[in-house]
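What the coordinates show
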Amino acid sequence: MLEFLWLPMLACLILTAIHVYLGLHVLARGVIFVDLALAQVAALGISVAFLAGHPIQSDAAYWYALAFTVGGAGLFSLSRVHRAPIPQEAVIGIVYAVSAAAAVLVVDRAPQGGEHIKTLLVGSILTVSGGEVVELALLYGLIGALHLAVHRPLLEISFDPDRARAHGRRLRGWDFLFYVTFGIVVTSSVRIAGVLLVFSYLIVPAAVAALLTTSVPRRLLIGWSVGALVSAGGLWASFAWDLPTGAAVVTAFGGLMALVAAALGVRAVAGRVRERGWAALRGIGALLCAAVALAGLSLAILPGMDHFWLDWIEAAAPAVRLTFLTPAERAVSRDSREAMDRDAAELARLRALQQDVQWGARQMPEEQQERLRQFLAGRGEIVAGDRMVLATLRSHARTRQRFWLGVPLLVLGVLGAGWLGAPRPPADVRPG
């Protein structure tokens, strides 16, 4: 695996190094979507170049994208006016929407426009070459050195703009420098990583770091660590489960952000419990009871819809589902699940073989590869048939569960939410 992923991993580390630093500026300035806007402007430039007959990875496409991005950077630097009638975030949103729409119009006239849009969104970081990695490292190194040389005014304008104005800083000039260098980074990154991955590298590590500390140096260290760990995890998941690499890394970023937010929420709740006792959980309990009531109501009214909470309960305790099936239906369910388990194991083995062939780890003649592909397709249809049988049995169980589970949950949830949400007299007040 390492021989295939070490170049993409190195590229991800380079992206992390520059984007986390720029992300701290973006969060401090409150222009969260400036990266998406500039990335979309760069994508529009690449789309125009593609329509003009230049390959996406060509130098001509890069200069098209850079020219469009510098124009967007100039517009954003001019739009940062103190007490302007239109906030800068509105200008950023307008630029993003117009650029995205224009790119769609452009690629609509180009052959294979759908594949072009997919490439721009998720990139092709898995196929990055050693030369591209070296070019990125040199370019981002020069930009990093420039920002290090003028870090004082840039940090002051981003983190304390009022003080910068008091010191007589020329905000538009420094803003133009920031947005131009930012645009160069975005333009270069979009070519190999895509719009979504570039935005994730810019925002998510910086946002996680901002949740954990207020120190700029510590935010940098945390952001770099987060970017490196998520890159390694996303690339491994992409290889292990044969997933699109860019989408896997972006999803890993989202999962990490959710875990950090949940951990901080649990810590905050624990702090309130220490201060106020278990009474601090009454509000959370009322919300949970309301959710139970809503789940019961949806099951009672619409038993045929997807009830994921009930699916999870049945997966953990199959007796919840089997209780509401007839003896004949239970036998069919058992046979279908046993067949699915056997077919799933065989499919996993053959797909692992197919993946080894695709990655070059094993050799197989073209004829055998085609036979393997057809066999996988046929076996997949059999599994789909068993799943359809199980779905039909589940709908039968849902029809019976609507009264025996849905109505009791609705009643219990309403009663619990009403009791927990009712106002309580102060502890020192005693009834007369």
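Attention in this report is confined to the structure presented alongside it. (Residues numbered from 1 in each chain as written. Predicted model: local features only at pLDDT ≥ 70, side-chain atom pairs only at ≥ 80, totals over all residues. Heavy atoms only, no water.)

We now examine the pattern of salt bridges. The full count for this structure, using the stated rule, is six salt bridges. R394 is the salt-bridge partner of D311, the closest N and O atoms lying 3.6 Å from each other. Taken together, the residues span a long stretch of sequence, with D311 in helix α13 (residues 308-316) and R394 in helix α16 (residues 366-421) at a distance of 83 residues. The exposure class of D311 is buried, given its relative accessible area of 19%. A salt bridge links R400 to E329; the nearest nitrogen and oxygen atoms lie 2.9 Å apart. Here the residue R400 occupies a position in helix α16, and E329 occupies one in helix α15 (residues 327-358), the gap between them amounting to 71 residues. Look at E329 and you get buried, because its relative accessible area is 14%. Connected through salt bridges with shared partners, the residues D311, E314, R394 and R398 form a single ionic network. (Salt bridge = Lys/Arg side-chain N within 4 Å of Asp/Glu carboxyl O. Helix = DSSP H or I, 4+ residues; strand = E, 2+ residues; numbered from the N terminus. Buried < 20%, exposed > 50% of the residue type's maximum accessible area, 1.4 Å probe, protein only.)

Now for the environment of H19. Within the element layout of this structure, H19 appears in helix α1 (residues 2-29). What makes H19 buried here is its relative accessible area of 1%. The sequence separation of H19 and S200 amounts to 181 residues, and the corresponding C-alpha distance is 9.1 Å. Not counting the four nearest positions on each side in its chain, H19 is found in contact with Y140, V185, S189, V198, Y201 and L202. From its side chain, H19 meets the backbone oxygen of L15 in a polar contact 2.8 Å long. A distance of 3.3 Å separates polar atoms of two side chains, one belonging to H19 and the other to S189. (Contact = heavy atoms within 4.5 Å. Polar contact = N/O pair within 3.5 Å; in protein donor to acceptor, adjacent residues only side chain to side chain.)

A word on the nonpolar core. One finds L22, V34, F76 and F182 to be the most contacted residues of the largest nonpolar core, which totals 66 residues. Only α1, α2 (34-51), α3 (59-79), α4 (88-108), α6 (130-149), α9 (171-212), α10 (216-241) and α11 (245-276) provide two or more residues apiece to this core. Here this core gets 19 residues from one element, more than from any other, and that element is α9. M340, V357, L372 and L390 belong to the second largest nonpolar core, which has 10 residues in total. (Core = buried A, V, L, I, M, F, W, Y, C linked by side-chain atoms within 4.5 Å.)

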